[in-house]
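Chain residues, written in single-letter form:
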Amino acid sequence: MKLSNRINHIIRMCNSIDTIIDVGCDHGYISINLIRENKCKKCYAVDINRLPLLNAEKNIKNNNLELYIQCIQSNGFDFLDEVSENIGSVIAGMGGSTIANILQKNMSKIYKMDYILIQPNSYAKDIRKFLVNKKIHIEKEDVMFSEGVYYEYILIFPKLQGILSKEYQNFLLEFGYDIPTCVMDNIDGKYNEFILYKIRKYEKVLLEMKNSKLKNYDKYVSFKNKILILRRCIR
Ligand SMILES: C[S@@+](CC[C@H](N)C(=O)[O-])C[C@H]1O[C@@H](n2cnc3c(N)ncnc32)[C@H](O)[C@@H]1O
């Protein structure tokens, strides 16, 4: 089974724990590799739809892992009666607002989990804004380039209260939650390429605004400022 950089990085970012719930498991590759890499003893492969679950069941069987991975059809965490100790979760490959809805539906269960690794495929800003508004502790953010796409990763520790420094808050607000906080620190220039990619996107917006008949001066200045801040993050 050849895994993408995107999925490999999900497995790497998961801390070892007794049980991991893989919400939106689809093919089941994340569950299978969490067990293979000894990240957990037991995995719940959860999907809202029956067809993906059948696919996961087949892949799990082919890997002889039926004893360690249980497939469950459920809307997010609805299937859980209660959350015991040592439970982590992965929610990957969905849009940011879908992930926010999954969390919102079962907040009391979420607050009892040790960690949740979130990997939105789009609209990361929606889930980032949700987490900040709910004061959920963001332990780490990361970015990974895989098959021509930059993927964002957010590791949260829901048992802790997340109080962001004023500096981080201002940064997130300036960008409408569109840029991960790890970019602000950009230790050893790890995110230089990602920053340049974002700058190019913002420059494209500026160009479109310049060519448009409808002038919006405030918006123009705001995008110029975003580019300036991002340039300062390059190490
Ligand atoms: C694109 S796949 C992602 C598969 C895998 N997690 C990955 O990252 O490669 C998204 C899956 O999430 C499932 N899904 C969407 N909403 C869900 C929800 N509320 N609860 C559980 N699964 C959901 C879909 O049925 C689909 O199989």
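Values in this document were obtained by computation on a predicted structure and should not be read as measured data.

**A look at the sheet that holds strand β7 (residues 149–161)**
- An order of β3-β2-β1-β4-β5-β7-β6 is seen for the seven strands of this open sheet, with the pairing classed as mixed. The strands lining the two open edges of the sheet, one partner per strand, are β3 (69–73) and β6 (136–146). For this sheet, the mean angle separating the axes of adjacent strands, direction not counted, is 20 degrees.
- Judged from the seven bridges that link them, strand β4 (residues 87–95) and strand β5 (residues 115–122) form a sheet pairing that is parallel. In the sheet register, Val90 faces β5, and the bridge partner there is Leu117.
- Sitting on the sheet, helix α2 (residues 29–36) is in contact with β1 (19–23), β2 (42–47), β3 and β4, with an inclination near 175 degrees to β2.
- Strand contacts of helix α3 (residues 50–62): β2 and β3, with the helix running at about 170 degrees to β3, the strand carrying the most contacts.

**Some thoughts on the site of the ligand**
- Near the ligand, the surroundings consist of 17 residues, among which Gly24, Asp26, Ile48, Ala92 and Gly93 are the closest.
- At the level of elements, β2, β4 and α4 (96–105) are the ones that each hand at least two residues to the shell around the ligand.
- Take the shell around the ligand: its biggest share by element is three residues, from β4.

**Brief notes about the packing of α4 against helix α6 (residues 124–133)**
- Viewed as axis vectors pointing N to C, α4 and α6 meet at an angle of 30 degrees, and their least axial separation amounts to 6 Å. For the pair α4 and α6, contact is made by Gly96, Ser97, Ile99, Ala100 and Leu103 and by Ala124, Lys125, Asp126, Ile127 and Phe130, respectively.

**Structural notes on the domain arrangement of the chain**
- Taken as a whole, the chain is organised into domain 1 (5–162) and domain 2 (187–233).
- With centres defined by C-alpha atoms, the gap from domain 1 to domain 2 works out at 32 Å.

**Some remarks on the environment of Ile35**
- In this fold, Ile35 is placed in helix α2.
- Sequence spacing of Ile35 and Thr19 is 16 residues, and the spatial spacing of their C-alpha atoms is 9.8 Å.

**Side note on the pairing of β4**
- In terms of burial, β4 is a largely internal element, eight of the nine residues being buried.
- Pairing analysis gives five bridges linking β1 to β4, with the strands arranged parallel. Each residue of the ladder has a partner; that of Val23, found in β4, is Ile91.

**A short note on the environment of His137**
- When you line up the elements, His137 lands in strand β6.
- Overall, the presence of 16 C-beta atoms within 10 Å leaves His137 in the partly exposed class.
- The spacing of His137 and Pro52 is 85 residues in sequence and 31 Å in space, taken between C-alpha atoms.
- Beyond its immediate stretch of four places on either side in the chain, His137 contacts Ile156, Phe157, Leu160, Gln161 and Gly162.

**Points about the nonpolar core**
- With 57 residues, the main nonpolar core has Ala45, Val90 and Ile91 as its most contacted residues.
- Among the domains, domain 1 (5–162) and domain 2 (187–233) are the pair contributing at least three residues each to this core.
- Once residues lying within four places of it in the same chain are set aside, the contact partners of Ile91 are Val23, Gly24, Ile99, Ile102, Ile116 and Ile118.

**Brief notes about unusual backbone geometry**
- Of note in the backbone geometry, Asp26 takes a positive phi value of approximately 50 degrees without being a glycine.
- Mapped onto the fold, Asp26 is located in the loop between β1 and α2.
- The backbone of Lys135 shows a phi angle near 55 degrees, a positive value even though the residue is not glycine.
- For Lys135, the location among the structural elements is in the loop between α6 and β6.
- Lys135 sits in the exposed class, given 11 other C-beta atoms within 10 Å.

Conventions and cut-offs
- Positions within a chain are numbered from 1, following the residues in the order the chain's sequence is written.
- With the structure being a predicted model, the display of local features is reserved for residues of pLDDT at least 70 and the display and counting of side-chain atom pairs for 80 or more, all residues being used for whole-chain, interface and lining totals.
- Paired strands are those between which DSSP finds at least two bridges.
- Only DSSP runs of H or I reaching four residues or more are called helices, and only runs of E reaching two or more are called strands; each is numbered from the N terminus.
- Lines fitted to C-alpha atoms define the axes here, with helix axes fitted over just the stretch in contact, and angles between the N-to-C directions of these axes take values from 0 to 180 degrees.
- A residue pair is marked as a contact if its C-beta atoms, positioned from the backbone, fall within 7 Å.
- Near, for a residue, is defined by distance from a backbone-placed C-beta atom to a molecule or strand, with 6 Å as the limit that must not be exceeded.
- For each domain, the first and last residues come from an automatic or database assignment.
- With C-beta atoms placed from the backbone, the exposure class of a residue follows from how many other C-beta atoms lie within 10 Å of its own: 20 or more, buried; 12 or fewer, exposed; in between, partly exposed.
- To define a nonpolar core, we join buried Ala, Val, Leu, Ile, Met, Phe, Trp, Tyr and Cys residues through C-beta atoms within 7 Å and take the resulting set.

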